[in-house]
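Descriptive structure summary
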Amino acid sequence: MIKDPEIFRYVDIPNFPKSTVRGHAGRLVFGTLKGKPCVCMQGRFHLYEGYAIQKITLPMRVFKLMGVQTMIMTNAAGGLNQDFKVGDVMIIKDHINMPGFAGANPLCGPNEDRFGVRFPCMSDAYDRELRRQALAVGAELGFSDFLKEGVYCVLGGPSFETIAECRMLHLLGADAVGMSTVHEVIVARHAGMRCFALSLISNKAVMDYESAERANHEEVLETGRQRAVQLEKLVSTLVGRVEQYNNHCC
Ligand SMILES: O=P(O)(O)O[C@H]1O[C@H](CO)[C@@H](O)[C@H]1O
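Residues numbered from 1 in each chain as written. Predicted model: local features only at pLDDT ≥ 70, side-chain atom pairs only at ≥ 80, totals over all residues. Heavy atoms only, no water.

Convention followed: UniProt positions are given in the numbering used here, feature names are shortened, and annotations may be inferred rather than shown by experiment.
Labelled according to an unreviewed UniProt entry, the chain appears under the name Purine nucleoside phosphorylase, originating from Neogobius melanostomus. Check the Pathway (unreviewed entry) section of the UniProt entry for the chain; it says "Purine metabolism; purine nucleoside salvage." According to its UniProt record, the chain has this under Sequence similarities (unreviewed entry): "Belongs to the PNP/MTAP phosphorylase family."

Written out as structure tokens, the structure is:
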């Protein structure tokens, strides 16, 4: 997908965290996608790997310093919205930061004024224009049947949610639940980068005490393999249409 790739392993980059999750290759790939210069993370970092929240989000600040303007993220998530099916792709329109409620926010500590303000706004965390474009691209590609929009809730993991927790998150207005992305979005927005994120609904969150279904990482990986081609097509077509973005308001 990336043309003329230059690949760096995380383990070879000083102070970079290392990927520990199965399915996350742990490499930075530089190159072009549809003629646009880009850098891709093959594997991101999670609280449950034991990293400090600031370490998980360090790549966002590295990207900002490299001149990156737009962040596009994908994740796998459990579907809470009862209209969602396994294999649906949810454009994230907003998030609920559960660890943040308990004080785990990547911007805690002295503010880094060279990146952004002390109290960044999050009501426009997921760029409206990119979401609109993604829906249009999805329709052109014939993906409308499985393309949704919704609210992503992040938890710390690594244990999957209990039935009572899934019911609570659903009542709170979350459409999907996962263990990533939100910390990075907060740091990227703080630094004035534009964010767009997709959740692949890799499993249905279990909401019923009679259900025999059990969340498991195998199913998450398998759904990822099944939707990989369409996700690549959606993201690469969107990237081809992304315009230069300069956010001067911070
Ligand atoms: O890393 P992402 O794509 O968010 O994957 C999700 O899937 C893993 C659990 O199966 C967790 O890492 C969770 O966050």
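Thoughts on helix 2 (residues 58–66)
Note the threshold: Accessibility here uses a 1.4 Å probe with only protein chains present; expressed as a share of the type maximum, an area under 20% marks a residue as buried, one over 50% as exposed, and anything in between as partly exposed. Strands are runs of DSSP state E lasting at least two residues, helices are runs of H or I lasting at least four, and both sets are numbered from the N terminus onward. The arc in question is the one traced by the directions running from the helix axis out to the C-beta atoms. By the convention used here, residues are in contact when the closest approach between their heavy atoms is within 4.5 Å.
Those residues of helix 2 not exposed but buried are Pro59, Met60 and Phe63. Burial along helix 2 is one-sided: seen end-on, the buried residues are contained in an arc of 105°. On the buried face of helix 2, the contacting elements are strand 2 (27–33), strand 3 (36–42), helix 1 (53–56), strand 4 (70–79) and helix 6 (182–190). Where helix 2 terminates, the next one or two residues include Gly67, which has phi positive at roughly 100°.

Considerations on the sheet that holds strand 8 (residues 194–204)
Cut-off, in case you're wondering: At least two bridges found by DSSP between two strands are what make those strands a pair. Lines are fitted to the C-alpha atoms to define the axes, a helix being fitted only along its stretch in contact, and any angle between axes, read from their N-to-C directions, falls within 0 to 180 degrees.
The five strands lie next to each other as 4-7-6-5-8, forming a closed barrel whose pairing is mixed. Across the sheet, the mean angle separating the axes of adjacent strands is 50° when strand polarity is ignored. Sheet topology note: the strand 4/strand 8 ladder contains 10 bridges and is parallel. Bridge pairing links Asn75 to Ser199 in strand 8. Helix 6 rests against strand 4, strand 5 (89–97), strand 6 (147–154) and strand 8 of the sheet, and its axis sits at about 80° to strand 5.

Observations concerning the pattern of salt bridges
Note the following rule: Only one rule defines a salt bridge in this text: a Lys or Arg side-chain nitrogen within 4 Å of an Asp or Glu carboxyl oxygen.
Counting across every chain of the model gives nine salt bridges. Asp88 is the salt-bridge partner of Lys148, the closest N and O atoms lying 2.8 Å from each other. Of the two residues, Lys148 sits in strand 6 while Asp88 sits in the loop between strand 4 and strand 5, which places them 60 residues apart along the sequence. Note on accessibility: Lys148 and Asp88 belong to one class, buried. Across the pair Arg225 and Glu222 runs a salt bridge whose closest N-O atoms are separated by 3.1 Å. With a gap of three residues between them, Arg225 and Glu222 both fall in helix 7 (residues 217–241), about one helical turn apart. A relative accessible area of 34% places Glu222 in the partly exposed class.

Observations regarding helix 7
Turn by turn, an α-helix covers 3.6 residues, leaving residues three or four places apart pointing in a common direction. Using the following cut-off: Multiplying 1.5 Å by the residue count of a helix minus one yields the expected span of that helix. Note that the bend at a residue is defined as the angle between axes fitted to the seven residues ending at it and the seven residues starting at it. Any pair of N or O atoms that falls within 3.5 Å is considered a polar contact. Within protein, one atom must be able to donate a hydrogen and the other to accept it, and sequence-neighbouring residues count only if both atoms are side-chain atoms.
If you check helix 7, its first and last C-alpha atoms are 33 Å apart, about what 25 residues at 1.5 Å a residue would give, namely 36 Å. The largest bend along helix 7 measures about 55° and falls at Arg227. Where helix 7 is concerned, the buried positions are Val220, Leu221, Thr223, Arg227, Leu231, Leu234, Val235, Ser236, Thr237, Leu238 and Val239. The distance from a side-chain oxygen at the start of helix 7 to the backbone nitrogen of Glu218 is 3.2 Å, and the residue carrying that oxygen is Asn216.

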